Amino acid sequence: MSRRGRVTIGVLIGVFLLFTLVGWGVNAWTDWLWFDEVRYTQVFTGVLATRLLLFLVVGLGMALIIASNLWLAYRLRPQLRPHSPEQATLERYRMMLSPRLGTWIALAAAIIGLFAGLSAQSRWSQWLLFRNGGSFGVKDPEFGVDVGFYVFQLPFWRYLLGVGFTAVVLALLGALAVHYVFGGVRLQGVGDRMTNAARAHLSTLVAIFVLLKAVAYVLDRRAMLLEYNEGAKLYGAGYADVNALLPAKEILAYISIVVAIAIIVFSNALMRNLVWPGIALALLGVSAVAIGGIYPWAVQTFEVKPSARDKEAPYIQRSIEATRAAYGLTDTKATPYAANNLVPPASLATDTSVVQNVRLLDPQLVSETYTQLQQVRGFYDFGSKLDIDRYAVAGKTSDYVVGVREINYGELTDQQSNWINRHTVYTHGYGLVAAPANQVVCGGQPFFVSGFLGDKAQEACSSQAEQIPAQQPRIYYGERMEPDDYAIVGQTGDRNVEFDKPTSAGGEQYYTYTGEGGVKIGSFTRRLLYAIKEQESNFLLSEAVNNDSKLLYVRNPRDRVEKVAPFLTVDGDPYPAVVNGRVLWIIDGYTTAATYPYADRVNLQAETADELTGRGTFQLARENVNYIRNSVKATVDAYDGTVKLYAFDDADPVLKAWNKAFGGDLVLPKGDIPPELAEHFRYPADLFKVQRNLLTKFHVTDPGDFYSGQDFWQVPNVPDAPDSGQKQPPYYLFTQFPGQEGPRFQLTSAVTPNRRQNLAALVSGSYVDGQPKLEVLELPDQTRISGPVQVHQQMTNNGDIRQQLNLLSSNQAQVQYGNLLSLPFADGMLYVEPVYVKSSNQDAYPLLQKVLLSYGDGGSYVVLANNLSDGIKQLVEQGKRAQGGTPPAAGGTPPTGGTPPTGGTPPTGGTSPPVLTGELAQAAERVQGAIAEVKAAQASGDFERYGRALKALDEAMTAFQQAQSAANPSTPAPGGSPSASPSPNG
């Protein structure tokens, strides 16, 4: 290569390295400034120092091993080489390498060391746990070794063993190549094909490799407790593993040691050739196949399979106990619940613990309603799903549907989206908006009680004063924030430029941020730094950036917690709460492990996915774990971004190890949790999903029953869309279950028998005296109580109710179903499902119009009522008639207080249907005739006739709605404007 070519390549490499180093330096510097802002610099320095240490130690170690073996191979070269065509060909390479051999060796070792170091630095978490991990206080059932060895020590030992294998193999290949080039190993010519020195060198490396294999067999014995047992369909060593493979691994370890010694002895001391070492290696391979493969297979095939239930029973028991311990299921309280009362009891009408607290608002559906009624400006947004929390208002604790009015930068207009507006004007949202979960007003709207943009609510359908006041309602940090949604705040002088909120007079109020959050960027150096980081020249050129400016970034609460505590798995559903006048985001953090012996392994992404994933709930990473604890409750202040980590499970060994790794004060002790904050803690959704899914199998504690799988459960699909394949999400309720002393805020879920749809159990998670508590209400095996999917189908397919639902839905409106709640009450089951109607008009939002209720087995007692109180009255009345001997209506369904046989309108209250006359009766008969024609056309298979029938049905429904409006002007048509009179129960 010419001198100019060498210079060009050197310059290009220099420029590349310069930009790489500058980019790395800028990111490191800005990260340091961010960690300094949130006061968690020990995380930044701890992780960085650990990465650098591993990079240097492993990289230099690998480079030294490679370099020393290459140099040794060169030093052991023969001084005289027999003449042959092969050696004549190799002479050219020797002449090229010899003058700069040290440089070539250093370059090869440096490249290998670089990649080894880069791989090692990613193992920083394993090293920190290895160094700081302690004891679990629990021993594995096979070796009696503390579980802490498997969680903290084993992963890093296995990594080091892999590094050793890699180093020896690369050293062996490199040494072999050098020996060949310099004549120590020959393929042609007379005499030995290998010199004594080369044989000694290479055989020693092979012996070291075999010794490492012996160490691998020893570690494999422990790792067997983590492997999948195909015979029992569980994790952990089974019968064949313990009785065949385990001793085989031990024998192979001893054989490997003997083979390593034999290789050295026979290659260099006795025979001085490679025949016997080759035979020894072959014997090791044959032994591995015969002892480690064929023998365990024979035991599994001929001894275990014929009587697997009995042979695997002790090991299944181990897996059951380990899984329940690893996932916090050991203390799950299981209570039989007969559910044998199929008749609605009279106590439904007077109950104050269950019925009074039934949640009617669905957080997923009413998010549109919140947005339309409380948005005020187009760039405000509440997200696609709201949250559930509870507050004590006027001395009464109830659950509330809450949402934060955030800035959605994606909804800014083109005029608003320039750099100045996006990053210096539209910087924050305003207010936490809440509404009681069991109350609607004004024809189906939520009753808003907080988050108003003025001193008092202007809406007639809201509280006239803040019932959940926030002294600082501004939202600078929220779930809607993307990584590039940074804000520049802080102004010189009295001029306010940040849009704050609209005023009641139709104007706009502006504001200047006064919080402690944010990185100061007033100096030229800081502005240049962030101009490079964000690739934005306005940091240097814009007058909006001044001496008092601060930069707010990493504004999503989950991102902030993940950055501060990178060892935590963060729950996918953060939720806001007003605590001591400030809006705080509360985020649940999990410590996890994947090496708990005998525990079942799950994929967090798969186990936590359901209908809400991606719709306001973040999807978890694809992480395989077999141990999890909700060890941390984290908070992020929505105004200044302050992050605090509180130890919630202070007995968790994994959390103790991480806290120790970062100085011992990274996580605040549990005693520092403010009582006002603890009142808003709730059982985390993702942990509950994992535990619930495991309980579908691991509620069975008898090994024989577990092996047969007869009593396994499953999580039902979404009731109103069972064919979607999406699981029904658990739901938060403030209610009281049988055996509980009073109402609790708990997360609940129904489960059904495996491959069946009837109800098997109700699983609930709550906090009692600050401790998590899982409870299972287990129904009898042969129960006739319907599950969620069946109940929804039975309620919506009821003859009278089907007609009413058809009237609610038309070409101008659609029916949407809220959460189907399964509530145990009075030795029976009460089902409640709110029915929303959404007009097809632009910017329409769902309104709660009806409530579906059922009691018993899901199909015998069904009501579609205008509100919850009317529905309860009708259910109780049905129960009284049934107990008094009144025969059920046609089709086996008791009277529902619904549509009369003539097809008239459903009544608005009471149990006696009115008699329709005149045009309304004629319109109802026309609807019935059109429905009959649709059914006949569908049965005939004539698509043309079916299309005409659908058109006629649509016309008949429109005529019926017009007749209904004319007969009763005070009754709104489906999807029309709601009345303005409030109703406490919908």
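A short tour of the structure in this document, coming up. (Residues numbered from 1 in each chain as written. Predicted model: local features only at pLDDT ≥ 70, side-chain atom pairs only at ≥ 80, totals over all residues. Heavy atoms only, no water.)

1. Digging into the overall build of the protein
Move 1: Counting secondary structure elements, the protein contains 26 helices and 34 strands.
Move 2: Counting the 986 residues in the protein, one finds 54% classified as buried.
Move 3: Pairs at least 24 apart in sequence give 68% of the contacts found in the protein among residues at least 6 apart.
Move 4: Carbon and sulfur atoms form 55% of the exposed surface of the protein, whose accessible area is close to 43000 Å². (Helix = DSSP H or I, 4+ residues; strand = E, 2+ residues; numbered from the N terminus. Buried < 20%, exposed > 50% of the residue type's maximum accessible area, 1.4 Å probe, protein only. Contact = heavy atoms within 4.5 Å. Areas by Shrake-Rupley, 256 points an atom, 1.4 Å probe, with all protein chains shown as cover.)

2. Comments concerning helix H11 (residues 313–326)
One turn of the α-helix equals 3.6 residues, which is why residues spaced by three or four share an orientation.
Move 1: Across its 14 residues, H11 extends 20 Å between first and last C-alpha, which sits within 8% of the 20 Å expected from 1.5 Å per residue.
Move 2: The complete set of buried residues in H11 reads Tyr 315, Ile 316, Arg 318, Ser 319, Ile 320, Ala 322, Thr 323, Arg 324 and Ala 326. (Expected span 1.5 Å × (residues − 1).)

3. A word on the state of the cysteines
Such a bond, covalent and formed between the sulfur atoms of two cysteines, is termed a disulfide.
Move 1: Per the stated rule, a full pass over the model turns up 1 disulfide.
Move 2: Disulfide pairing places Cys 442 opposite Cys 461 at an S-S distance of 1.7 Å. Handedness of the Cys 442-Cys 461 disulfide follows from its S-S torsion of about -105°: it is left-handed. Of the two residues, Cys 442 sits in the loop between strand E10 (440–441) and strand E11 (445–446) while Cys 461 sits in the loop between E11 and strand E12 (474–475), which places them 19 residues apart along the sequence. (Disulfide = S-S within 2.5 Å.)

4. With respect to the packing of aromatic side chains
Move 1: Under the counting rule described, the total for this entry stands at 43 aromatic pairs.
Move 2: Aromatic side chains Phe 136 and Tyr 596 sit 6.2 Å apart centroid to centroid with 70° between the ring planes, which places their arrangement in the edge-to-face category. Of the two residues, Phe 136 is situated in the loop between helix H5 (124–132) and helix H6 (147–181) and Tyr 596 in the loop between strand E20 (582–593) and strand E21 (602–603); the sequence distance between them amounts to 460 residues. For the pair Phe 136 and Tyr 596, a shared accessibility class is recorded, and that class is buried.
Move 3: Considering the side-chain rings of Trp 419 and Phe 539, the 5.9 Å spacing of their centres and the 70° angle between planes classify their relative orientation as edge-to-face. Of this pair, Trp 419 sits in helix H13 (residues 419–425) while Phe 539 sits in helix H15 (residues 538–541), and the two are 120 residues apart along the sequence. Here Trp 419 and Phe 539 have matching classes, each one buried.
Move 4: Among the aromatic residues, those joined into a ring-pair cluster are Trp 127, Phe 130, Phe 156, Trp 157 and Tyr 159.
Move 5: Its guanidinium or amino end placed over the ring of Tyr 511, Arg 474 lies 3.9 Å from that ring's centre, counting from NZ or CZ.
Move 6: Over the aromatic face of Phe 648 sits the side chain of Lys 670, whose NZ or CZ is 4.8 Å from the ring centroid. (Phe/Tyr/Trp six-rings, centres within 6.5 Å; stacked < 30°, edge-to-face > 60°. Lys NZ or Arg CZ within 6 Å of the ring centre and 35° of its normal.)

5. Section: a nonpolar patch on the surface
Move 1: Taken together, the side chains of Val 7, Val 11, Val 15, Leu 18, Phe 19, Val 22, Phe 524, Leu 528, Ile 532, Leu 540 and Leu 541 define a hydrophobic patch exposed on the protein surface, amounting to about 1000 Å² of accessible area.
Move 2: When residues of the nonpolar patch are traced back to their parent elements, those giving at least two are helix H1 (3–38), helix H14 (524–534) and H15.
Move 3: Of the residues forming the nonpolar patch, the biggest block, 6 residues, is contributed by H1.
Move 4: Its place among the elements puts Leu 18 in helix H1. (Patch = residues over 30% accessible without salt bridge, like charges linked within 9 Å, V, L, I, M, F, W, Y side chains within 5 Å. Salt bridge = Lys/Arg side-chain N within 4 Å of Asp/Glu carboxyl O.)

6. Comments concerning the sheet that holds strand E6 (residues 396–404)
Move 1: One open sheet accounts for 3 strands, arranged E5-E6-E9; its pairing is antiparallel. Because the sheet does not close on itself, it has two edges, and the strands there are strand E5 (387–393) and strand E9 (432–436). Within the sheet, the average angular offset between the axes of one strand and its neighbour, ignoring direction, is 45°.
Move 2: The pairing of E5 with E6 spans 7 bridges and is classified as antiparallel. Directly across from Asp 389, in E6, lies its bridge partner Tyr 400.
Move 3: Helix H12 (residues 366–374) contacts E6 and E9 of the sheet and is inclined by roughly 120° relative to E9. (Pairing = 2+ DSSP bridges. Axes fitted to C-alpha atoms, helices over the stretch in contact; angles between N-to-C directions.)

7. Structural notes on the sheet that holds strand E16 (residues 519–520)
Move 1: Across the sheet, 3 strands lie side by side as E13-E17-E16; this open sheet has antiparallel pairing. Every interior strand has two partners, whereas the edge strands, strand E13 (487–489) and E16, have only one.
Move 2: Judged from the 3 bridges that link them, E13 and strand E17 (residues 550–552) form a sheet pairing that is antiparallel. The residue of E17 that forms the bridge with Ala 487 is Leu 552.

8. Some points on the environment of Ala 594
Move 1: Looking at the element boundaries, Ala 594 is found in the loop between E20 and E21.
Move 2: Here the alpha-carbon distance between Ala 594 and Glu 623, two residues 29 residues apart in the chain, equals 9.0 Å.
Move 3: What Ala 594 contacts, discounting residues up to four positions off in sequence, is Arg 601, Asn 624, Val 625 and Asn 626.

9. So, the packing of helix H2 (residues 41–75) against H5
Move 1: Running from N to C, H2 and H5 point in directions that differ by 100°, and their axes come no closer than 9 Å. Classified by the angle their axes make, H2 and H5 are roughly perpendicular. Together, Val 47, Thr 50, Arg 51, Leu 53 and Leu 54 of H2 and Trp 124, Trp 127 and Leu 128 of H5 make up the contact between the two elements.
Move 2: When grouped by side-chain class, the residues that make up the contact of H2 with H5 number 6 nonpolar, 1 polar and 1 charged. (Parallel < 35°, antiparallel > 145°, perpendicular 65-115°, else oblique. Nonpolar A, V, L, I, M, F, W, Y, C, P; charged D, E, K, R; others polar.)

10. Let's talk about the side chain of Gln 605
Move 1: Turning to its location among the elements, Gln 605 is positioned in helix H17 (residues 604–608).
Move 2: A distance of 3.0 Å separates a polar side-chain atom of Gln 605 from the backbone oxygen of Leu 620.
Move 3: In contact with Gln 605, other than residues within four places in its own chain, are Gln 619, Leu 620, Ala 621 and Arg 622. (Polar contact = N/O pair within 3.5 Å; in protein donor to acceptor, adjacent residues only side chain to side chain.)

11. Some remarks on the environment of Gly 134
Move 1: Position of Gly 134 among the secondary structure elements: in the loop between H5 and H6.
Move 2: Since its relative accessible area comes to 42%, Gly 134 is described here as partly exposed.
Move 3: For Gly 134, the contacting residues outside a window of four places in its chain are Asp 146, Gly 148 and Phe 152.

12. Some remarks on helix H22 (residues 788–796)
Move 1: Pro 788, Val 789, Val 791, His 792, Met 795 and Thr 796 are the residues of H22 that are buried. All buried residues of H22 lie within an arc of 165° about the axis, which places them on one face of the element. (Arc of directions from axis to C-beta.)

13. With respect to the pairing of E9
Move 1: Counting buried positions along E9 gives 5 out of 5 residues, so the element sits mostly inside the fold.
Move 2: Side chains Leu 432, Ala 434 and Pro 436 project from E9 onto one buried face, and the interleaved Val 433 and Ala 435 project onto a second face that is buried too.
Move 3: The pairing of E6 with E9 spans 5 bridges and is antiparallel. Considered in E9, the bridge of Val 402 is made with Ala 434.

14. Looking at the pattern of salt bridges
Oppositely charged side chains can form a pair if their charged atoms are brought close together.
Move 1: Tallying each qualifying case throughout the model produces 27 salt bridges.
Move 2: Asp 31 is the salt-bridge partner of Lys 563, the closest N and O atoms lying 3.2 Å from each other. You can see Lys 563 sitting in helix H16 (residues 557–564) and its partner Asp 31 sitting in helix H1, a full 532 residues away along the chain.
Move 3: With a shortest N-O distance of 2.9 Å, Asp 381 and Arg 480 are connected by a salt bridge. With Asp 381 in strand E4 (residues 380–381) and Arg 480 in the loop between E12 and E13, this pair connects stretches of sequence that are 99 residues apart.
Move 4: Under the relative-accessibility criterion, Asp 381 is labelled buried at 12%.
Move 5: Judged by its relative accessible area of 29%, Arg 480 is partly exposed.

15. Quick word on unusual backbone geometry
Move 1: Phi angles above zero are rare outside glycine, and Arg 39 is one such case at about 65°.
Move 2: Mapped onto the elements, Arg 39 comes out in the loop between H1 and H2.
Move 3: Even without being glycine, Asp 827 reaches a positive phi, approximately 60°.
Move 4: The topology assignment puts Asp 827 in the loop between strand E31 (821–825) and strand E32 (828–839).
Move 5: Classification of Asp 827 by relative accessible area gives partly exposed; the value is 46%.

16. A short note on the nonpolar core
Move 1: The biggest cluster of nonpolar side chains holds 211 residues, and the ones touching the most others in it are Leu 645 and Phe 662.
Move 2: In terms of residue count, H6 provides more of this core than any other element does, 17 residues in total.
Move 3: Ranked by size, the runner-up nonpolar core spans 25 residues in total, among them Ala 750, Tyr 817, Leu 820 and Val 835. (Core = buried A, V, L, I, M, F, W, Y, C linked by side-chain atoms within 4.5 Å.)

17. Description of the packing of H1 against H16
The relative placement of two packed helices is expressed as an angle between their axes plus a distance between the axes.
Move 1: Two numbers describe how H1 lies on H16: the axes approach to 11 Å, and their chain directions differ by 100°. Between H1 and H16, the angle is such that the two are roughly perpendicular. Counted together, Asp 31, Trp 34, Phe 35, Glu 37 and Val 38 of H1 and Arg 560, Lys 563 and Val 564 of H16 form the full contact between these two elements.
Move 2: Residue composition of the contact of H1 with H16, by class: 4 nonpolar, no polar and 4 charged.

Taken by themselves, the reported measurements are silent on function.
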